[in-house]
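# Structural features, examined
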Amino acid sequence: MFDVTLIHYLFLSAVLFCVGLLGVIVSRHLLRVLISVEFMLNAVNINFVAFSNYNDLIRLDGHIMAIFVMAIGVCELAIGLAILILVFRKTHSVDADGEYIEEEKWS
Amino acid sequence: MEFAADIKNLMMPEIILFVGALLLCFIGILTDKAYKRVFSIVVLMLGLSFLMCLQLDTDTVSMAFGGSFLISKFTVFFKELILAGTISTIFLSDKYIKQNQKSVAEFYMLLFVAALGGMILVSSRDFITMFVALETLSISSYILSGFIKEKNSQEATLKYLVTGCVASAVILYGVSLLYGMSGSLRFDVIFAAIKSASMFNIAALSGTLVISGLCFKLATIPFYNWAPDVYEKSPLAVSAFLSTVSKVAGFGIIIRLVSELFNGIWILYLVLGLIALVSMAIGNLLGLCEENVKRLMAYSSIAHAGYILAVLALGSTLSLSSAVFYIITYLLMNFAAWSCLEVLDNGDGVTTESLKGLAYKRPVLAFCMVSAFASLAGLPIFVGFFSKFYLFQAIVFAGFLLYPFLCFVLLNSLIALYYYFKVIRAMFDEQESEQTVFWSKRLAVVLVFSTVMVLLTGIFSSPVITYSQQIAQSQMPAVIQYEAIKGTYFDNPRPISVR
């Protein structure tokens with residue numbers, strides 16, 4: 001039977017982190033950029049929880065940190081979405097490549 | 001009971017800011033008109049917080065909350081710098097407040113929360129505290145930078161936000177590796193684990209990740225590209241805040257991490273030096289062909305952060321004291337320059353074109369501006385010369401192997417002369433262009449105060465240098481003090497066990 005060890009979790013989180021970073025760099029859709037940022041934060045969470053499970057079973061610092069990361073990640077995402085709505089009101093598109101033309105106020 | 005005593009004895013400055021932020025939040029909900037009264041409340045709160053900082057006992061190192069919050073001479077000094085910068089920002093924001101008389105209380109509240117985050121950041125001794133404080137500072141800065149909806153600042157704000165999120169993810173990845181290595185998130189435990197388990201490589205890797213993520217706050221190399229856009233598009237007071245207070249907080253935590261946590265990891269000093277060299281080169285080269293003075297200030301602040309990091313990479317007491325002196329003078333020069341720009345800004349930003357003939361029409365303002373920019377360039381008499389001189393001295397005393405490094409830094413400050421002088425030369429141009437100026441008492445206070453300080457500190461710099469030496473000496477032996485006062489929470493580090 002295949003045995004899941006710490007190394008596997010670390011590998012998974014490293015791959016997820018790289019995927020998220022790649023997504024931030026290459027994707028043109030702004031929503032996709034924000035989702036990629038969440039990928040990176042959650043990759044870090046996997047790392048924290050895995051380390052906490054294998055090394056620190058008494059005080060569980062890693063689990064606590066993971067909850068903090070989740071909460072603050074949501075705050076960042078909320079502000080990101082608010083700005084995205086403003087961008088959409090101005091340009092009618094959420095494309096990072098799109099020309100930044102100021103149109104009439106969207107009402 | 002211990003909790004309440006900690007708050008009463010050690011955290012009063014932060015608590016006052018927190019209460020002030022809550023109060024401003026309520027005022028913002030109740031009324032949208034009373035901006036004159038709000039100003040006095042805000043200044044009173046910040047002044048009270050500053051006084052509380054001054055009366056903290058800093059001769060001994062003390063900790064709160066089971067060792068996750070540190071009060072020492074160094075951290076209290078950085079808190080005082082942050083508070084002074086915030087007070088100056090509030091005086092500087094007077095023009096913005098008078099022109100857009102809505103959401104005033106919210107604007108001040110966000111400044112309060114950002115200052116609170118910075119103050120907790122410099123005295124954190126635990127990665128959870130550090131991360132939460134860092135994000136408190138960052139998130140309120142994101143909102144502040146997009147505060148003007150009409151000005152197309154969304155693009156800049158979004159860039160700032162995405163860069164900031166990536167930077168914090170990079171920091172967290174480094175922290176998670178440190179946590180896996182030591183089994184704790186406390187600085188002292190991790191330091192002991194690095195020393196005892198000889199995990200040099202992994203500490204160097206994760207230290208590189210943490211430091212380069214924190215460089216987002218300093219707007220240096222891996223994460224610098226937000227700075228020009230954000231400085232250009234956000235309200236000028238916010239640009240001043242981002243280029244001073246938020247940078248001071250970033251330097252505070254980087255100095256503390258390098259001297260307390262990653263002490264003795266030479267690869268990290270190499271990384272710091274590399275970041276410093278590349279970012280000062282990039283800041284100066286991109287600044288060469290810039291016409292917009294607000295963007296020029298952004299490039300200049302990238303280069304200045306590079307100088308300070310360059311001297312931090314040496315890791316001696318002399319270099320640390322020169323970095324602290326440079327930070328103080330950087331704060332003064334930047335506020336002098338930003339307040340001149342705020343007087344001249346007519347909403348579309350200040351360009352070198354629009355400055356033409358200023359010296360003949362408004363000699364006093366031109367004098368303030370010349371002293372600020374000459375000081376940023378590092379000319380004698382002004383304070384910028386002495387801070388640069390002290391910085392070069394620290395590099396020279398570090399040994400002759402670093403002479404190429406010194407040559408590179410010197411070359412960079414020569415390049416920087418060009419674009420500072422472009423601004424100064426435009427003011428003495430024969431052609432005259434129309435300028436609209438805005439004067440108010442509060443703006444004049446910060447302008448006069450920072451210009452006088454730039455001149456006075458230039459002439460009488462030795463007390464400030466002595467003070468920064470004391471600060472540096474109190475930080476360097478911190479590791480030794482740590483060993484003596486290890487808290488009850490200390491437990492032996494456990495190395496990684498792979499099942």
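Before reading on, note that the structure itself is shown above.
Structure report, in brief.

Analysis parameters
- Residues numbered from 1 in each chain as written.
- Chains lettered and ligands numbered in written order.
- Predicted model: local features only at pLDDT ≥ 70, side-chain atom pairs only at ≥ 80, totals over all residues.
- Heavy atoms only, no water.
- Helix = DSSP H or I, 4+ residues; strand = E, 2+ residues; numbered from the N terminus.
- Buried < 20%, exposed > 50% of the residue type's maximum accessible area, 1.4 Å probe, protein only.
- Contact = heavy atoms within 4.5 Å.
- Rg over C-alpha atoms; globule rule 2.2 N^0.38 Å.
- Areas by Shrake-Rupley, 256 points an atom, 1.4 Å probe, with all protein chains shown as cover.
- Lys, Arg positive; Asp, Glu negative; His and termini not counted.
- Charge placed at Lys NZ, Arg CZ, Asp CG, Glu CD.
- Salt bridge = Lys/Arg side-chain N within 4 Å of Asp/Glu carboxyl O.
- Buried area = accessible area lost by both parts, 1.4 Å probe.
- Polar contact = N/O pair within 3.5 Å; in protein donor to acceptor, adjacent residues only side chain to side chain.
- Phe/Tyr/Trp six-rings, centres within 6.5 Å; stacked < 30°, edge-to-face > 60°.
- Lys NZ or Arg CZ within 6 Å of the ring centre and 35° of its normal.
- Patch = residues over 30% accessible without salt bridge, like charges linked within 9 Å, V, L, I, M, F, W, Y side chains within 5 Å.
- Core = buried A, V, L, I, M, F, W, Y, C linked by side-chain atoms within 4.5 Å.
- Axes fitted to C-alpha atoms, helices over the stretch in contact; angles between N-to-C directions.
- Parallel < 35°, antiparallel > 145°, perpendicular 65-115°, else oblique.
- Left-handed = near helix turned anticlockwise from the far one by under 90°.
- Expected span 1.5 Å × (residues − 1).

Bringing the overall build of chain A into the picture now. Along the backbone of chain A there are 3 helices and 0 strands. Listed N to C, the secondary structure of chain A is α-α-α in terms of helices and strands. Split into buried and exposed, the 107 residues of chain A put 40% on the buried side. Relative to all contacts within chain A whose residues are 6 or more apart in sequence, the contacts with residues 24 or more apart total 52%.

With that out of the way, let us pick up the overall build of chain B. A tally of helices and strands in chain B yields 22 helices and 2 strands. Radius of gyration (C-alpha) of chain B: 22 Å, near the 23 Å computed for a compact globule of 499 residues. Over its C-alpha atoms, taken along the principal directions, chain B stretches across nearly 75 × 60 × 45 Å. Counting the 499 residues in chain B, one finds 63% classified as buried. Of the contacts formed within chain B by residues at least 6 apart in sequence, a portion of 82% connects residues at least 24 apart. When the accessible surface of chain B is summed, it comes to about 17900 Å², and 68% of that surface belongs to carbon and sulfur atoms. Placing the 32 positive and 29 negative side-chain charges of chain B at their respective mean positions leaves the two points 1 Å apart.

Attention now goes to the environment of lysine 159 of chain B. All names here are of chain B. Its location among the elements puts lysine 159 in helix 8 (residues 154–182). The partly exposed category is assigned to lysine 159, whose relative accessible area is 30%. Measuring from C-alpha to C-alpha, the distance between lysine 159 and lysine 422 comes to 29 Å, with 263 residues separating the pair along the chain. If we ignore the near neighbours within four places in the chain, the residues touching lysine 159 are Asn225, Trp226 and Asp229.

With that settled, the discussion passes to the pattern of salt bridges. All names here are of chain B. If you walk through the whole model with that rule in mind, you get 11 salt bridges over all chains. Arginine 125 is paired through a salt bridge with aspartate 188; the nearest N and O atoms lie 3.0 Å apart. Within this pair, whereas arginine 125 is found in the loop between helix 6 (104–122) and helix 7 (127–145), its partner aspartate 188 is found in helix 9 (residues 187–197), the two being separated by 63 residues in sequence. Here arginine 125 matches aspartate 188 in class, with each residue buried. Of the charged contacts, one joins glutamate 290 and arginine 295 as a salt bridge, the two residues approaching to 3.6 Å between their closest N and O atoms. A single burial state applies to glutamate 290 and to arginine 295, both of which are buried. Where salt bridges share partners, they join Lys159, Asp229, Glu232, Glu290 and Arg295 into one cluster.

With that settled, consider the interface of chain B and chain A. With 39 residues of chain B in contact, the opposing surface of chain A contributes 44 residues. Buried area between chain B and chain A, both sides added, is near 3700 Å², and the carbon and sulfur share of it is 72%. Inspection of the chain B/chain A interface yields 0 salt bridges. Seen at the junction of chain B and chain A, the total is 3 residue pairs in polar contact (both at pLDDT 80 or more). Breaking the side of chain B that touches chain A down by element, the ones donating at least two residues are helix 7 and helix 8 of chain B. Counting residues per element, the side of chain B that touches chain A draws most heavily on helix 8 of chain B, at 18 residues.

Now for the packing of aromatic side chains. Residue and element names in this part refer to chain B. Inspection of the entire model under this criterion finds 25 aromatic pairs over all chains. Between phenylalanine 216 and tryptophan 226, the aromatic rings sit 5.5 Å apart at their centres with planes inclined by 55°, giving tilted as the arrangement. Here the residue phenylalanine 216 occupies a position in helix 10 (residues 200–218), and tryptophan 226 occupies one in helix 11 (residues 226–233), the gap between them amounting to 10 residues. Tryptophan 226 matches phenylalanine 216 in its accessibility class, with the two residues each being buried. By way of ring pairs, the aromatic residues Tyr142, Tyr160, Phe216, Trp226, Tyr231 and Trp338 are connected into one cluster. The ring centre of phenylalanine 39 lies 3.7 Å from the NZ or CZ of arginine 442, which sits over that ring.

What follows deals with unusual backbone geometry. All names here are of chain B. Residues other than glycine seldom take positive phi values, yet alanine 219 does so here, at roughly 55°. For alanine 219, the position within the fold is in the loop between helix 10 and helix 11. On the basis of relative accessible area, alanine 219 is assigned to the buried category, the value being 0%. In this model, isoleucine 381 sits at a positive phi of 75°, which is unusual for a non-glycine residue. Looking at where isoleucine 381 falls in the secondary structure, it is placed in the loop between helix 17 (363–377) and helix 18 (383–397). Overall, the relative accessible area of 55% leaves isoleucine 381 in the exposed class.

For the rest of this paragraph, the subject is the side chain of serine 239 of chain B. Residue and element names in this part refer to chain B. Secondary-structure assignment places serine 239 in helix 12 (residues 236–261). For serine 239, a relative accessible area of 0% puts it in the buried group. With sequence-adjacent residues up to four places away left out, serine 239 is seen in contact with Val230, Tyr231, Ser234, Lys294 and Trp338.

Another point: the environment of alanine 197 of chain B. In this structure, alanine 197 of chain B sits in helix 9. Of the residues examined, alanine 197 of chain B reaches a relative accessible area of 34% and is grouped as partly exposed.

Right, let's talk about a nonpolar patch on the surface for a bit. Residues and elements named next belong to chain B. A contiguous nonpolar surface patch, about 660 Å² in accessible area, is contributed by Phe18, Val19, Leu22, Phe26, Ile29 and Leu30. Within the element layout of this structure, leucine 22 appears in helix 2 (residues 12–30). A relative accessible area of 41% places leucine 22 in the partly exposed class.

Moving on, we come to the nonpolar core. Tyr108, Phe127, Leu257, Leu355 and Phe373 of chain B are the most contacted members of the largest nonpolar core, which totals 211 residues. Those residues in contact with tyrosine 108 of chain B, other than ones at most four positions away along the chain, are Leu24, Val38, Phe39, Val42, Ile90, Ser93 and Ile97 of chain B.

On to the packing of helix 6 of chain B against helix 12 of chain B, then. Residues and elements named next belong to chain B. Viewed as axis vectors pointing N to C, helix 6 and helix 12 meet at an angle of 15°, and their least axial separation amounts to 8 Å. It follows from the interaxial angle that helix 6 and helix 12 lie roughly parallel. The interaxial crossing formed by helix 6 with helix 12 has left-handed handedness. Here Phe107, Leu111, Ala114, Ala115, Gly118, Leu121 and Val122 of helix 6 come into contact with helix 12, specifically with Val238, Phe241, Ala249, Gly252, Ile253 and Arg256.

A word on helix 17 of chain B. All names here are of chain B. Look at helix 17: 20 Å from first C-alpha to last across 15 residues, which is about the 21 Å you get at 1.5 Å a residue. Taking burial as the measure, the 15 residues of helix 17 include 12 buried ones, the bulk of the element. Among the residues of helix 17, Leu365, Ala366, Cys368, Met369, Val370, Ser371, Ala372, Phe373, Ala374, Ser375, Leu376 and Ala377 are the ones counted as buried. Where helix 17 is buried, its residues touch helix 14 (293–312), helix 15 (317–344), helix 16 (358–361), helix 18, helix 19 (403–427) and helix 20 (441–459). A positive phi of about 90° marks glycine 378, the residue just after helix 17.

A word on helix 15 of chain B. Compared with the 40 Å implied by 1.5 Å per residue over 28 residues, the 41 Å span of helix 15 of chain B between its first and last C-alpha is a close match. Where burial is concerned, most of helix 15 of chain B is hidden: 26 out of the 28 residues are buried.

In short, shape yes, function no, at least from these values alone.
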